[in-house]
Amino acid sequence: MDEIPILELRGVDKTFALNGARIDALRGATLAVRKGEFVCLIGASGCGKSTLLRIVAGFEQPSAGEALMWSKPISGPAPDRGMVFQDYGLFPWLTVRQNIAFGPSSRGVQRDRIAATVDRFVEMVGLARFADAHPHQLSGGMKQRVAIARVLANDADVVLMDEPFGALDAMTRERLQDDLLAIWRSTGLTVIFVTHSIEEAILLADRVVVMEPGPGRIASEHAIALPRPRDVASPEFNAVRRELGALLHSHHARKAS
């Protein structure tokens, strides 16, 4: 018997009305994600990556089709699905510790359990020295670590990440990629990660899902069989990069013609 996916989209369409016109953001999206899998979504702007993520998060409802978690319809946001954005989304008036504690506190978790949870994840993301700092006192990379820890502290089974490292410098981005992989391995999280970077997708993912616009749809899926840790300079890595790059360029060319 096949394992039930933790997340599943079945023929999902999403349409919006804009200035009296109909926008097909997603059409016929079908995707199954296994528990503990790391999936990256790549594609040009406007191909529906963020819309797909928002539907899984429960922020949007499909216009047609089904979005499921453990075979049950996703009806709205819930702690088991946490979202990490590019702009961090931290509460500026709260400290690192208080930001991480916000979710469990809102759910009425006992104080001693909250304290233990916060200590665990502050340590996991390497911010013990900055636990009492406010967001304006942190670098961009530190802020993103807090955002990840806040999702984890809320008992998320699934982490949804919308270009979380896109605004960071190259060195910070590489360090956070390593940190994220370490957290993923140690926690057994399921991750869906949106990126514009082919290299980042190959570095991180078990599977890369390629999307194309006009209307937004899933064009293809690619298992990444490269052993970890992955060497971006290896011939094998660059062969996969060329293959996915050619696919994305062909989608862009068809859209432009």
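Residues numbered from 1 in each chain as written. Predicted model: local features only at pLDDT ≥ 70, side-chain atom pairs only at ≥ 80, totals over all residues. Heavy atoms only, no water.

Enquirer: Looking at this structure, how should I read the state of the cysteines?
Expert: Linking two cysteines covalently via their sulfur atoms produces the bond known as a disulfide. Per the stated rule, a full pass over the model turns up zero disulfides. Counting only cysteine sulfurs, Cys-47 is the nearest neighbor of Cys-40, a cysteine outside any disulfide, at a range of 13 Å. When its relative accessible area of 0% is taken as the criterion, Cys-47 is described as buried. (Disulfide = S-S within 2.5 Å. Buried < 20%, exposed > 50% of the residue type's maximum accessible area, 1.4 Å probe, protein only.)

Enquirer: Sorry, what's going on with the sheet that holds strand 4 (residues 64–69) here?
Expert: By definition, the strands of a sheet pair up through backbone hydrogen bonds, in either a parallel or an antiparallel sense. As summarised here, the arrangement of the four strands in space is 2-1-4-5, forming an open sheet in which the pairing is antiparallel. Every interior strand has two partners, whereas the edge strands, strand 2 (21–33) and strand 5 (72–73), have only one. Summarising the sheet, strand 4 and strand 5 pair through two bridges and their orientation is antiparallel. Along strand 5, the bridge assignment pairs Leu-68 with Pro-73. Contacts from helix 1 (residues 49–57) reach strand 1 (7–18), strand 2 and strand 4 within the one sheet, and its direction differs from that of strand 1 by about 115°. (Pairing = 2+ DSSP bridges. Helix = DSSP H or I, 4+ residues; strand = E, 2+ residues; numbered from the N terminus. Contact = heavy atoms within 4.5 Å. Axes fitted to C-alpha atoms, helices over the stretch in contact; angles between N-to-C directions.)

Enquirer: I'm lost on the pairing of strand 7 (residues 158–162) in this one. Help?
Expert: Taken residue by residue, a regular strand's side chains alternate between the two faces of the sheet. In terms of burial, strand 7 is a largely internal element, five of the five residues being buried. Neither face of strand 7 is open: one carries Val-158, Leu-160 and Asp-162, the other Val-159 and Met-161, and all of them are buried. Relative to strand 7, strand 6 (residues 81–85) runs parallel, the two sharing five bridges. Bridged to Met-83 within strand 7 is Leu-160. Here five bridges tie strand 7 to strand 8 (residues 190–194), and the two strands are oriented parallel to one another. When the sheet's bridge partners are listed, Met-161 is paired in strand 8 with Phe-193. Handedness of the crossover joining strand 7 and strand 8 through helix 5 (residues 170–187): right-handed. (Right-handed = clockwise from strand over helix to strand, strands pointing away.)

Enquirer: Can you walk me through the environment of Gly-89 in this structure?
Expert: In this structure, Gly-89 sits in the loop between strand 6 and helix 2 (96–106). Here Gly-89 falls in the partly exposed class, since its relative accessible area comes to 35%. Sequence separation between Gly-89 and Gln-144 is 55 residues; the distance between their C-alpha atoms is 9.1 Å.

Enquirer: Can you help me understand unusual backbone geometry in this one?
Expert: With the exception of glycine, most residues fall at negative phi, and the peptide bonds are largely trans. In this model, Gly-214 is joined to Pro-215 through a cis peptide bond whose omega is -10°. Its location among the elements puts Pro-215 in the loop between strand 9 (207–212) and strand 10 (217–223). Cis geometry marks the peptide bond from Arg-228 to Pro-229, where omega comes out at -5°. By the secondary structure assignment, Pro-229 is in the loop between strand 10 and helix 7 (235–256). Phi angles above zero are rare outside glycine, and Trp-70 is one such case at about 50°. With respect to the element layout, Trp-70 can be found in the loop between strand 4 and strand 5. Residue classification places Trp-70 among the partly exposed positions, given a relative accessible area of 38%. Positive phi is not limited to glycine here, since Ser-71 has a value of about 70°. Summarising the element assignment, Ser-71 is placed in the loop between strand 4 and strand 5.

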